[in-house]
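An overview of the molecular structure
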Amino acid sequence: MPLALLALAVGAFGIGTTEFVMMGLLPDVANDLNISIPAAGHLVSVYALGVVIGAPLLAAVTARMSRRTVLIGLMGLFVVGNALSALAPGNGWLLAARFLSGLPHGAFFGVGAVVATNMVAPERKARSVSLMFLGLTVANVAGVPVATLTGQHLGWRATFLGVSAIGLAAIAALAFLVPHDHEHTTAQGLRGELAALRSLPVWLSLGTTVAGFGALFAAYSYITPMLTDAAGYTGAGVTLLLALFGVGATAGNLLGGRLADHSLRGTLFGGLTSLVAVLALFPLLMRTELTAAVAVTLLGMAAFATGSPLQLMVMEKASSAPSLASSANQAAFNLANAGGAWIGGLALAAGFGVTSPATAGVALAVLGLAVASLAYAVDRRRAPVAGRERIVASHVPQEARAAHH
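Residues numbered from 1 in each chain as written. Predicted model: local features only at pLDDT ≥ 70, side-chain atom pairs only at ≥ 80, totals over all residues. Heavy atoms only, no water.

1. Points about the overall build of the chain
Each helix and strand in the chain was counted, giving 16 helices and zero strands. Relative to its full complement of 405 residues, the chain shows a buried share of 55%. Pairs at least 24 apart in sequence give 84% of the contacts found in the chain among residues at least 6 apart. Of the roughly 16700 Å² that the chain leaves accessible, carbon and sulfur atoms contribute 69%. (Helix = DSSP H or I, 4+ residues; strand = E, 2+ residues; numbered from the N terminus. Buried < 20%, exposed > 50% of the residue type's maximum accessible area, 1.4 Å probe, protein only. Contact = heavy atoms within 4.5 Å. Areas by Shrake-Rupley, 256 points an atom, 1.4 Å probe, with all protein chains shown as cover.)

As structure tokens, then:
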């Protein structure tokens, strides 16, 4: 695997850290800015809004630029957003800075996924994407806990200055390790880029992401009350369990990437089926501390095993605009975050019990399987091909296609 993947992973590590660290710093930020906890919670939501808006928009408007230049520019915007967060004089300025920090998130992963797959052989494409995403999952194991402790002891502003430093390191790594390229996509303009998203298979792939990861966030958003009220963990124990989730997510991400290179569709269906099983067992597994630890780890593994397959699936379905489609998939991931948390909250508010968000997650995971099955049926109907199906996100040069025909 090329060293350039390390540069992408460093950028992903910084992005993952800044996305999730705010949840642990909410009390500190609220006290310092004299706002309520719910008001501080808007800092989480506005970041996600930035991701959803920025992901397809930035990928589309930078379509004719060198991917290497785009990645460096996106990380520069990330550094500026986090530095402004550290210097924000009040809540309004901090909200604006958090929105700015979220804008490059999805486009970085989207363009980065295309760069990663273009640097390796076709049989290693899913693995290359999983190695880039490794930075995101490791951020949950190491980056977020360290950044949270830094904020609690040195002030929350120090955390965002530290994240800015990570962004600067990522820029240096991208500049030195990512090879120069002169072509991003065909010069078809913004209208042509957006036209690639009109395909039904693309939207079915994005729908699978929303439903599948919505299932994860329906349960994970309320994992703390499950662990304390059902399994009997203390606050310190919950912190350890959240790290175990990150370990499971890291393992699932690497495993999913390796398996998807052999069977993309099979890995996707296997991951979603595993997610259904794990979430269905949550009410039973949350009865003891030991089984709860197993449940949290398996949840991370099952959910993130689908990450690389879904990313490649979307890229393949919009082969004329893979960066835009890949970025749109990151927007879908953040919609899943918000929507899953909302649906899990509805189950709690209805009085179905502390583990009911996991049951709501089962319904969403089953929906994800249904959408993935529909996508498979549409593929077979549109392009019936003899022999074994293999879906890869690759670009075949015009000369090779001509030679083949």
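2. Some details on the packing of helix α1 (residues 4-33) against helix α5 (residues 125-154)
How two helices pack is summed up by the angle between their axes together with the distance between the axes. In the contact formed by α1 and α5, the axes pass within 6 Å of each other and the chain directions differ by 35°. Considering how the two elements wind past one another, α1 and α5 form a crossing that is right-handed. When its residues are assigned to classes, the contact of α1 with α5 shows 15 nonpolar, 10 polar and two charged. (Axes fitted to C-alpha atoms, helices over the stretch in contact; angles between N-to-C directions. Left-handed = near helix turned anticlockwise from the far one by under 90°. Nonpolar A, V, L, I, M, F, W, Y, C, P; charged D, E, K, R; others polar.)

3. Notes on the nonpolar core
Core analysis: the biggest nonpolar cluster contains 83 residues, and Leu-8, Leu-216, Leu-227, Phe-282 and Met-286 have the highest contact counts within it. In this structure, Phe-282 is in contact with Ile-223, Met-226, Ala-295, Leu-299 and Ala-358, ignoring residues within four places of it in sequence. Counting residues in hydrophobic clusters, the runner-up holds 15 residues, among them Met-22, Leu-26, Val-29 and Ala-86. (Core = buried A, V, L, I, M, F, W, Y, C linked by side-chain atoms within 4.5 Å.)

4. Observations regarding the layout of surface pockets
A volume near 1000 Å³ is recorded for the largest pocket. Along the walls of the largest pocket sit 33 residues, with Phe-20, Met-23, Gly-24, Tyr-220 and Leu-242 positioned nearest its centre. Elements represented by at least two residues in the lining of the largest pocket include exactly α1, α2 (37-61), α5, α8 (200-220), α9 (223-230), α10 (235-260) and α14 (322-349). Considered class by class, the residues forming the lining of the largest pocket number 20 nonpolar, 12 polar and one charged. (1 Å grid on protein atoms, 1.4 Å probe; cavity = no way out; pocket = protein on both sides within 12 Å on 5 of 7 lines; lining within 4 Å. Points joined across faces, edges and corners; volume = space filled by probe spheres on them.)

5. Structural notes on unusual backbone geometry
One non-glycine residue, Asn-34, adopts positive backbone phi at about 60°. Relative to the elements of secondary structure, Asn-34 occurs in the loop between α1 and α2. Relative accessible area serves as the criterion here: at 71%, Asn-34 is assigned to the exposed category.

6. Regarding the confidence of the model for the chain
Residue-level pLDDT values for the chain average 84, and 90% of them are 70 or greater. For the stretch residues 385-405, pLDDT sits under 50, and the model shows 22 contacts to residues farther than four places along the chain or on other chains. (pLDDT = per-residue confidence, 0-100.)

7. Topic: the pattern of salt bridges
This model, assessed by the stated rule, comprises five salt bridges. Between Asp-32 and Arg-157 there is a salt bridge, and its shortest N-O distance comes to 3.6 Å. Of the two residues, Asp-32 is situated in helix α1 and Arg-157 in helix α6 (residues 156-177); the sequence distance between them amounts to 125 residues. The salt bridge partner of Arg-265 is Asp-379, with a shortest N-O separation of 2.6 Å. Placement of Arg-265 in helix α11 (residues 264-285) and of Asp-379 in helix α15 (residues 356-382) is noted, with a sequence separation of 114 residues between them. Accessibility classification places Arg-265 together with Asp-379 in one group, the buried group. Linked by salt bridges that have partners in common, Arg-265, Glu-316, Lys-317 and Asp-379 make up one network. (Salt bridge = Lys/Arg side-chain N within 4 Å of Asp/Glu carboxyl O.)

8. Concerning a nonpolar patch on the surface
Nonpolar side chains collect at one region of the surface, where Leu-3, Leu-6, Phe-176 and Leu-177 lie side by side and expose about 460 Å² of accessible area between them. Among the structural elements, Leu-177 can be located in helix α6. Residue classification places Leu-177 among the partly exposed positions, given a relative accessible area of 31%. (Patch = residues over 30% accessible without salt bridge, like charges linked within 9 Å, V, L, I, M, F, W, Y side chains within 5 Å.)

9. Section: the side chain of Thr-159
Its place among the elements puts Thr-159 in helix α6. Thr-159 sits in the buried class, given a relative accessible area of 3%. Apart from the residues lying within four places of it in its own chain, the contact partners of Thr-159 are Val-21, Leu-25, Ala-147, Thr-150 and Gly-151.

10. Topic: the packing of aromatic side chains
A complete count under the given rule lists eight aromatic pairs for this structure. Summarising the aromatic geometry, the rings of Phe-108 and Phe-109 are spaced 6.1 Å apart at their centres and angled 85° between planes, so their arrangement reads as edge-to-face. Phe-108 sits in the buried class, given a relative accessible area of 1%. Both rings, one in Trp-156 and one in Phe-160, keep their centres 6.1 Å apart while their planes meet at 80°; by these two values the pair is edge-to-face. With a gap of four residues between them, Trp-156 and Phe-160 both fall in helix α6, about one helical turn apart. For Trp-156, a relative accessible area of 4% gives the class buried. Residue Phe-160 is classed as buried on the basis of its relative accessible area, which comes to 0%. Linked through ring pairs, Phe-213, Phe-217, Tyr-220, Phe-245, Phe-304 and Phe-333 together constitute an aromatic cluster. (Phe/Tyr/Trp six-rings, centres within 6.5 Å; stacked < 30°, edge-to-face > 60°.)

11. Regarding helix α3 (residues 67-87)
Spanning 21 residues, α3 covers 30 Å between terminal C-alpha atoms, matching the ideal 30 Å at 1.5 Å per step. Where α3 is concerned, the buried positions are Arg-67, Arg-68, Val-70, Leu-71, Leu-74, Met-75, Phe-78, Val-79, Gly-81, Asn-82, Ser-85 and Ala-86. (Expected span 1.5 Å × (residues − 1).)

12. Focus: the packing of helix α4 (residues 91-118) against α14
At their nearest, the axes of α4 and α14 sit 7 Å apart, and the two run at 135° to each other. By the angle class used here, α4 and α14 are oblique. Crossing handedness for the pair α4 and α14: right-handed. Residues His-105, Gly-106, Ala-107, Phe-109, Gly-110, Val-111, Ala-113 and Val-114 of α4 touch α14, and the partners they reach there are Pro-322, Ser-323, Ser-326, Ser-327, Gln-330 and Asn-334. Considering only residue class, the contact of α4 with α14 consists of six nonpolar, eight polar and no charged. (Parallel < 35°, antiparallel > 145°, perpendicular 65-115°, else oblique.)

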